[in-house]
Amino acid sequence: MLKDNTIQVFEHTFLPIEGKFEQRHFVALSKLNALHQYQYFDLKHNGILFKQFVGVIQVDGLNIEILPKIDKYETENEIVKQKWQRALIEMLRVTRKLKVQQVGEANVRKQQIHLLDIYFEWFLNEVQTLIHQGLIKQYYKETSNVKALKGKLEFAGHISKNLVHKERFYTTHQVYDKDHLVHQVLDKALTIVEKCTKGNYLYSKCKTVQLDFPEVKTINVNEATFTKLPKNRKTAPYETALAIARLIILNYAPNVSSGNERMLALLFDMNSLWEEYILVKLNEAAPDGISIYGQESKTFWKNISIRPDIVIEKGGDKFIIDTKWKNIDYSEPSTHDLRQMYVYNDYWDSKKAMLLYPSNKTLEINDDHFISFESIPNKISNHKCCLGKISIFDDEVVDEKIGVKILKWFDIE
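Residues numbered from 1 in each chain as written. Predicted model: local features only at pLDDT ≥ 70, side-chain atom pairs only at ≥ 80, totals over all residues. Heavy atoms only, no water.

**As for the overall build of the protein**
A count of helical and extended segments in the protein gives 12 helices and 21 strands. Buried residues in the protein amount to 48% of all 413 residues. Surface accessibility of the protein: about 21,700 Å² in total, with carbon and sulfur atoms responsible for 49%. (Helix = DSSP H or I, 4+ residues; strand = E, 2+ residues; numbered from the N terminus. Buried < 20%, exposed > 50% of the residue type's maximum accessible area, 1.4 Å probe, protein only. Areas by Shrake-Rupley, 256 points an atom, 1.4 Å probe, with all protein chains shown as cover.)

**Here's the deal with the sheet that holds strand β12 (residues 290-294)**
Strands sit in the order β12-β15-β16-β17-β19-β18 across an open sheet of 6 strands; the sheet is mixed. Each edge of the open sheet is held by one strand with a lone partner, namely β12 and β18 (371-372). As judged from the 5 bridges shared by strand β15 (residues 310-314) and strand β16 (residues 317-323), these two strands associate in the antiparallel manner. Note that in β16 the partner of Val311 across the bridge is Ile320. Packing of helix α10 (residues 270-285) onto the sheet brings it into contact with β12, β15, β16, β17 (352-358) and β19 (384-390), and relative to β12 it is tilted by some 165°. (Pairing = 2+ DSSP bridges. Contact = heavy atoms within 4.5 Å. Axes fitted to C-alpha atoms, helices over the stretch in contact; angles between N-to-C directions.)

**Focus on the state of the cysteines**
Inspection of the entire model under this criterion finds 0 disulfides. With no disulfide partner, Cys196 has as its closest neighbouring cysteine sulfur the one in Cys206, 9.7 Å distant. What makes Cys196 buried here is its relative accessible area of 9%. (Disulfide = S-S within 2.5 Å.)

**Let's talk about the pattern of salt bridges**
This structure, assessed with the given rule, holds 21 salt bridges. Of the charged contacts, one joins Arg246 and Glu223 as a salt bridge, the two residues approaching to 2.9 Å between their closest N and O atoms. Here the residue Arg246 occupies a position in helix α9 (residues 239-250), and Glu223 occupies one in helix α8 (residues 223-227), the gap between them amounting to 23 residues. The salt bridge involving Asp309 is made with Arg307; its shortest N-O contact spans 3.7 Å. (Salt bridge = Lys/Arg side-chain N within 4 Å of Asp/Glu carboxyl O.)

**What to know about the sheet that holds strand β3 (residues 41-44)**
Judged by pairing direction, the sheet is antiparallel, and its 3 strands sit side by side in the order β2-β4-β3 without closing on themselves. If you trace the sheet from one side to the other, it starts and ends with β2 (14-16) and β3, each paired once. Within the sheet, the average angular offset between the axes of one strand and its neighbour, ignoring direction, is 20°. Sheet topology places β2 next to strand β4 (residues 47-50); 3 bridges connect them, and they run antiparallel. Bridging from a neighbouring strand, Leu15 pairs with Ile48 of β4. Contacts from helix α1 (residues 23-35) reach β3 and β4, with the element oriented near 135° to β3.

This is the structure:
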């Protein structure tokens, strides 16, 4: 069962101010939404209407877990919520936004753990590993009073600070120890985890890690701080820990309202997550000789470019896939989307394009499903488009062979 301080909702649903979700939470979330240009949800008279962002928000001890779901008519019971939480965790794991193995697959399947706990435990395990391997030292400059002359003597500071203490020298000198920017950033993230896990089973683990971690200066960390972090052979083992620290620190908003609410929001756009997930699963399933890549742009007009989500190359043939996170089982694609596919085919010299949607049931696709675009007068067009509909699940379990099934639609096995 979920912890008492947790609410689970689905994307594009309404959360009213009632029960666990109180007015103070609503006010704090409205401030958070404003900080992020109102992209996460819409504020209504007595609650919040979520958009396409999924993940978890912790506000003043309350955890709000936002899950994906494609069928608005599907019953919203605990079994359905567990199913979609597993799907979200798997998609985050596959796209390397989460490392589930650190907390154990069994706990996740039994619904005994919160999504935010997975991130925190992953981070704590990474820092523990670094401590056991031996934390690195680095050189940095420090300006202070020392008892022996070393480095550069700061005359103005030396005169003002050492009129009485003639035996001291106010200098700027190099120090070689563990109190450097990399560890200061990790320490900042550890402090946030400590605040967010009070009353949680991870709190004692966090305190243990903090005791083993060296004392470092407390600094303010923002996005610019991460651009200053050194990247070399010595800091390579820190890459994962710093990536999680970045996610935690930049999404933490202390005192976002007039009260003392602390907030952490780890949210992901389902449109982007679906695209990344399909790209990874296709690459996992691709046989030798097949190239699959995303994010390829071509200039369309002046400085405007176009970019299909996924391009597949098989010999001299190219195929285009554009992913759409919405259920169109009972409707047709938009004219805009079809125009896009026509242009993609033309620019990439592709024979087949596909609009790929999630669905409750996988549609069996063959060559007959690829329908030719109507030819423009005096121009021969031999490229086609198809609507692909695929289920994330296979018998209520996340389908591991989703990439294999999609490639088969293009006669790639």
